[in-house]
Amino acid sequence: MSNRSIEWALNEAYTLMREHYGHQHWWPGETAFEVCVGAVLTQNTNWGNVERAIHNLKAAGVLSPVALYGLPLDRLSALIRPAGYFNVKAVRLRNFLRLVVEECGGSLESLFAGGTCDARTRLLAISGIGPETADSMLLYAGHHASFVVDAYTRRIFHRHGWCPEEISYEGLQELCAGHLRIPPNGDLLDYWQDYHAQLVSVGKDHCRSRQPRCDQCPLRPLLHGKKSGIASSRGLC
Ligand code: SF4
């Protein structure tokens, strides 16, 4: 597809998803700090499990940078147990909290200060924080225009012929950022926040790894023109 065709398709995709789902108002979380904690906890699990872990942290009165950093590691692990991989995630949270508390004075404003590249570099230097987690924090907690890419994005884009299957995280992020520059309401941050949320909904509801449910999918109109051989070989409609 030409660049213009991809640009049209990506923006049209948002129109279709938005009409189907409405604005998603992501990310779920009452504070920027809760968003950051959720971004770590949601690695390799579903959001329901994250909610249970965050509920535990709130009930224990420790959902703040200083209080959470002050917890013994085994206590932190126990509280976030519902999120799965709790020992690994407790260490990752501690690594994140160390930066926030010891180097940023407990302030998320300091954590996200400066340009997007600077803030992203700061986050990616934390052991256990990869690009998807860092970009989720930047986009939804730090209000930086840093497009979030995940497995759903890659699957949906590849199935529609908008990107090659083996594209890198940064390559796909660049493709999205480069073609989604004209937000419908003029608010780029809102556009990118909601765009990722819409893709997650499509991925969960329709674009399963096996047997995608194209019939009821809002992106079905954009499957037309896709090479039929590829589509049929993957069980697409
Ligand atoms: S389910 Fe089908 S129509 Fe929907 S995004 Fe996936 S491939 Fe496209």
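Residues numbered from 1 in each chain as written. Predicted model: local features only at pLDDT ≥ 70, side-chain atom pairs only at ≥ 80, totals over all residues. Heavy atoms only, no water.

A. View of the nonpolar core. In this structure, F96, F157 and Y195 are the most contacted members of the largest nonpolar core, which totals 70 residues. Split by domain, this core shows at least three residues from each of two domains, domain 1 (3–25 + 148–232) and domain 2 (32–141). (Core = buried A, V, L, I, M, F, W, Y, C linked by side-chain atoms within 4.5 Å. Buried < 20%, exposed > 50% of the residue type's maximum accessible area, 1.4 Å probe, protein only. Domains from an automatic or database assignment.)

B. Molecular detail of the pattern of salt bridges. Taken as a whole and assessed by the stated rule, the structure comprises five salt bridges. Here E30 ties to K58 by a salt bridge, and the two come within 3.5 Å at their closest N and O atoms. With E30 in the loop between α1 (3–21) and α2 (32–41) and K58 in helix α3 (residues 47–59), this residue pair connects regions lying 28 residues apart in the sequence. Residue E30 is classed as exposed on the basis of its relative accessible area, which comes to 67%. According to the relative accessible area criterion, K58 is partly exposed, its value standing at 36%. Note that K58 is salt-bridged to E34, the shortest N-O span being 3.2 Å. You can see K58 sitting in helix α3 and its partner E34 sitting in helix α2, a full 24 residues away along the chain. (Salt bridge = Lys/Arg side-chain N within 4 Å of Asp/Glu carboxyl O. Helix = DSSP H or I, 4+ residues; strand = E, 2+ residues; numbered from the N terminus.)

C. Highlighting the domain arrangement of the protein. Taken domain by domain, the protein comprises domain 1 (3–25 + 148–232) and domain 2 (32–141). Computed from C-alpha coordinates alone, the two centres of domain 1 and domain 2 are separated by 27 Å. Of the residues lining the interface, 11 residues belong to domain 1; the matching set on domain 2 comes to seven residues. Taken together, both faces of the contact between domain 1 and domain 2 bury some 780 Å²; the carbon and sulfur share is 58%. Of all residues in domain 1, V148, Y169 and Q193 bury the most surface against domain 2, accounting for 54% of the area lost on that side. (Contact = heavy atoms within 4.5 Å. Buried area = accessible area lost by both parts, 1.4 Å probe.)

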